[in-house]
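Working through the structure, step by step
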Amino acid sequence: ETEDADRAFFSRESCRDLFKWHVRTILTRKNTFTGVTYSMTPNVFGWNLMNEPRCRGCDDALQDWIDDMAAYVKLFDSNHMLTVGEEGFYASDTSSERGAAANPAAWAATTGQDFIRNHASKHIDFATIHVWRDNWAVYSPNVRFNAQRFTRNWIATHERDCRTKLGKPLLIEEFGAAPGGVRALSRVSRGISRTASFLEERDVEDYYRALLSQVYRSVASDDGYVRGACFWNLFPEDHRGVVDAYDPYAVYPSDGAFAQATRFAKSVRRVVRSMSCEEDGRD
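Presented here is an overview of the structure given in this document. (Residues numbered from 1 in each chain as written. Predicted model: local features only at pLDDT ≥ 70, side-chain atom pairs only at ≥ 80, totals over all residues. Heavy atoms only, no water.)

1. Some details on the overall build of the protein
Tallying secondary structure elements over the protein gives 10 helices and 5 strands in all. For the protein, whose C-alpha radius of gyration is 20 Å, the value lies close to the compact-globule estimate of 19 Å for 283 residues. Taken over the C-alpha atoms alone, the protein extends approximately 60 × 50 × 45 Å along its principal axes. In the protein, the share of contacts with a sequence separation of at least 24, taken over all contacts with a separation of at least 6, comes to 72%. When the accessible surface of the protein is split by element, carbon and sulfur atoms take 52% of a total near 15100 Å². Taking the average place of the 36 positive charges on the side chains of the protein and the average place of its 40 negative ones, the gap between the two points comes to 4 Å. (Helix = DSSP H or I, 4+ residues; strand = E, 2+ residues; numbered from the N terminus. Rg over C-alpha atoms; globule rule 2.2 N^0.38 Å. Contact = heavy atoms within 4.5 Å. Areas by Shrake-Rupley, 256 points an atom, 1.4 Å probe, with all protein chains shown as cover. Lys, Arg positive; Asp, Glu negative; His and termini not counted. Charge placed at Lys NZ, Arg CZ, Asp CG, Glu CD.)

Quick look at the structure:
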């Protein structure tokens, strides 16, 4: 039933029409305070077609939907960049040289996604991936899942494909790490909230440091294709304990993970300023 429902959403003309109505409504809506339509506002960086689209056993349904909807979005908004919004899984017959091997496990090739093909549409401006070491480890119980090694390879493989196959920049659109890893997800699923230990928090900080360092090296490189990274998710300090009961990936201002993200942002800002100065000098 799930596969049929997925196929219906992406394939049926009535479902596509409803989605297009949704797109048109959002992009033509005027901001109540500024009077500017969302398609014209400078406050929007870009659009996702959808968050993490999947369609198991749907043949070309997802790809056809991406091509159709991307073109439709551009009819109403040519001012902002557009991407798919997917996790970045590879199909088993992907054109990537190493893509299928980079997947967290065999199940990832059955999601209907194919990173290169999905982002090859002329209306898709940049590529995205998500990185969920703990979520994906849960669904890969028979795989020896080394989170650090997997993450390095996951990012490097997609960057290489963006450079050699797509010619489009790459954004790490979502990533996170739960203090306690897979065990933390199990606790949350059972409604159990527990204060993370020092070692668990340190593990998350180290993971953020390693991932963001890899991204920074690409951003600072002349031939790098990774352009940024967004972690999930920042909450006020007074939400600690309440949020932890349902979101093990929550980050707070006093966390070491947030300190790593802050250092990363400052470093990227310096790189961007340096590049701007070089361009001004050439002009």
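2. Let's talk about the packing of helix α2 (residues 13-28) against helix α3 (residues 61-76)
Direction vectors running N to C along α2 and α3 enclose 30°, while the axes themselves pass 10 Å from each other. For the element pair α2 / α3, the angle class is roughly parallel. The crossing of α2 and α3 is right-handed. Between α2, through Arg16, Phe19, Lys20, Val23, Arg24, Leu27 and Thr28, and α3, the contact on the second element is made entirely by Ala61, Asp64, Trp65, Asp68, Met69, Tyr72, Val73 and Phe76. Of the residues in the contact of α2 with α3, the class split is 9 nonpolar, 1 polar and 5 charged. (Axes fitted to C-alpha atoms, helices over the stretch in contact; angles between N-to-C directions. Parallel < 35°, antiparallel > 145°, perpendicular 65-115°, else oblique. Left-handed = near helix turned anticlockwise from the far one by under 90°. Nonpolar A, V, L, I, M, F, W, Y, C, P; charged D, E, K, R; others polar.)

3. Some details on the side chain of Glu200
Along the chain, Glu200 falls in helix α9 (residues 198-220). The exposure class assigned to Glu200 is buried, which follows from its relative accessible area of 10%. Of the polar contacts made by the side chain of Glu200, one reaches the backbone nitrogen of Ser197; its length is 3.1 Å. (Buried < 20%, exposed > 50% of the residue type's maximum accessible area, 1.4 Å probe, protein only. Polar contact = N/O pair within 3.5 Å; in protein donor to acceptor, adjacent residues only side chain to side chain.)

4. Focus on the state of the cysteines
Under the counting rule described, the total for this entry stands at 1 disulfide. The disulfide partner of Cys55 is Cys58, and the S-S distance across this bridge is 2.0 Å. Disulfide Cys55-Cys58: the torsion about the S-S bond is -80°, which places it as left-handed. Residues Cys55 and Cys58 agree in their burial class; the two are buried. With no disulfide of its own, Cys15 lies 11 Å from the sulfur of Cys55, the closest cysteine sulfur. Not part of a disulfide, Cys162 finds its nearest cysteine sulfur in Cys230, a span of 15 Å. Its relative accessible area of 0% is what places Cys162 among the buried residues. (Disulfide = S-S within 2.5 Å.)

5. Considerations on the pattern of salt bridges
Pairing is possible between side chains of opposite charge, provided their charged atoms come close. Applying the stated rule across the entire model yields 14 salt bridges. Notably, a salt bridge pairs Arg16 with Asp68, separated by 3.1 Å at the nearest N-O pair. You can see Arg16 sitting in helix α2 and its partner Asp68 sitting in helix α3, a full 52 residues away along the chain. Assessed through its relative accessible area of 11%, Arg16 is described here as buried. Between Asp125 and Lys74 there is a salt bridge, with its nearest N and O atoms 2.7 Å apart. Of this pair, Asp125 sits in the loop between α5 (115-119) and β3 (127-132) while Lys74 sits in helix α3, and the two are 51 residues apart along the sequence. On the accessibility criterion, Asp125 (27% relative accessible area) is partly exposed. (Salt bridge = Lys/Arg side-chain N within 4 Å of Asp/Glu carboxyl O.)

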